[in-house]
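# Structure at a glance
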Amino acid sequence: MRQASAVPTPSDFERMLRGVELRVTRPRVAVLSAVHDHPHADTDSVIGVVREDLGGVSHQAVHDVLRVLTIAGLLRRIEPPGSVARYEARVGDNHHHVVCRSCGATADVDCAVGPAPCLNPSVDHGFVIDEAEVVFRGLCPDCSTANR
Ligand SMILES: [Zn+2]
Ligand SMILES: [Zn+2]
């Protein structure tokens with residue numbers, strides 16, 4: 001079994017695309033690879049990284065690929081309140097984020113206790129719930145040092 005932390009190769013990305021029955025295209029592989037390398041990147045950053053590889057790719061093409069990969073479950077879109085949408089390749093584990101109030105730096109926070117307890121709200125209002133979003137806020141180390 002490959003470790004989750006192993007650096008994926010282009011053929012891994014191709015396998016992921018085939019695994020969700022998506023055609024393998026260079027923009028899709030480039031976007032997957034960019035988000036793996038830059039977790040929590042916003043769309044503009046993803047476009048910047050993808051263009052280092054594929055110079056001619058349009059904003060719209062990258063937007064479309066991000067949407068398709070998110071719907072397919074290969075990427076997760078997070079939208080911390082007050083922040084632009086960001087994308088990450090760590091999907092399916094309902095982890096949370098800590099966001100710096102000053103510079104927007106974002107990091108992963110595992111669920112506090114056991115398997116996603118926050119998916120079991122005390123009242124579900126009849127909804128079938130498959131996701132919960134908790135955002136921790138504060139100042140990142142850089143910003144809290146700068147403020148002192
Ligand atoms: Zn900060
Ligand atoms: Zn994350």
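Residues numbered from 1 in each chain as written. Chains lettered and ligands numbered in written order. Predicted model: local features only at pLDDT ≥ 70, side-chain atom pairs only at ≥ 80, totals over all residues. Heavy atoms only, no water.

## Examining the coordination of the zinc ion (ligand 1)
Around the zinc ion (ligand 1), the protein supplies Cys100 (SG), Cys103 (SG), Cys140 (SG) and Cys143 (SG) as donor atoms, at distances of 2.2 to 2.3 Å. If you look at the zinc ion (ligand 1), its 4 donor atoms make angles of 104 to 113° with each other, and the shape they trace is tetrahedral. Coordination of the zinc ion (ligand 1) draws on donor residues from a single chain, spaced C-x2-C-x36-C-x2-C in sequence. Using a relative accessible area of 4% as the deciding quantity, one classes cysteine 100 as buried. We classify cysteine 103 as partly exposed; its relative accessible area is 47%. (Donors = N, O, S within 2.8 Å, 3.2 Å for Na, K, Ca; no water. Tetrahedral: all angles 85-135°; square planar, octahedral: opposite > 155°, others 65-115°. Buried < 20%, exposed > 50% of the residue type's maximum accessible area, 1.4 Å probe, protein only.)

## Re the packing of helix α2 (residues 26-37) against helix α3 (residues 43-53)
In contact at an axis separation of 9 Å, α2 and α3 are set at 125° when each is read in the N-to-C sense. In terms of their interaxial angle, α2 and α3 are classed as oblique. Judged by the sense of rotation from one axis to the other, the crossing of α2 with α3 is right-handed. Within the contact between the two elements, α2 uses Arg26, Ala30, Val31, Ala34 and Val35 and α3 uses Val46, Val49, Val50 and Asp53. (Axes fitted to C-alpha atoms, helices over the stretch in contact; angles between N-to-C directions. Helix = DSSP H or I, 4+ residues; strand = E, 2+ residues; numbered from the N terminus. Parallel < 35°, antiparallel > 145°, perpendicular 65-115°, else oblique. Left-handed = near helix turned anticlockwise from the far one by under 90°. Contact = heavy atoms within 4.5 Å.)

## Thoughts on the sheet that holds strand β4 (residues 96-100)
Judged by pairing direction, the sheet is mixed, and its 3 strands sit side by side in the order β5-β4-β6 without closing on themselves. What marks the edges here is a single partner per strand, and that holds for β5 (106-109) and β6 (135-138). When strand polarity is set aside, the average angle formed by the axes of neighbouring strands in this sheet is 25°. (Pairing = 2+ DSSP bridges.)

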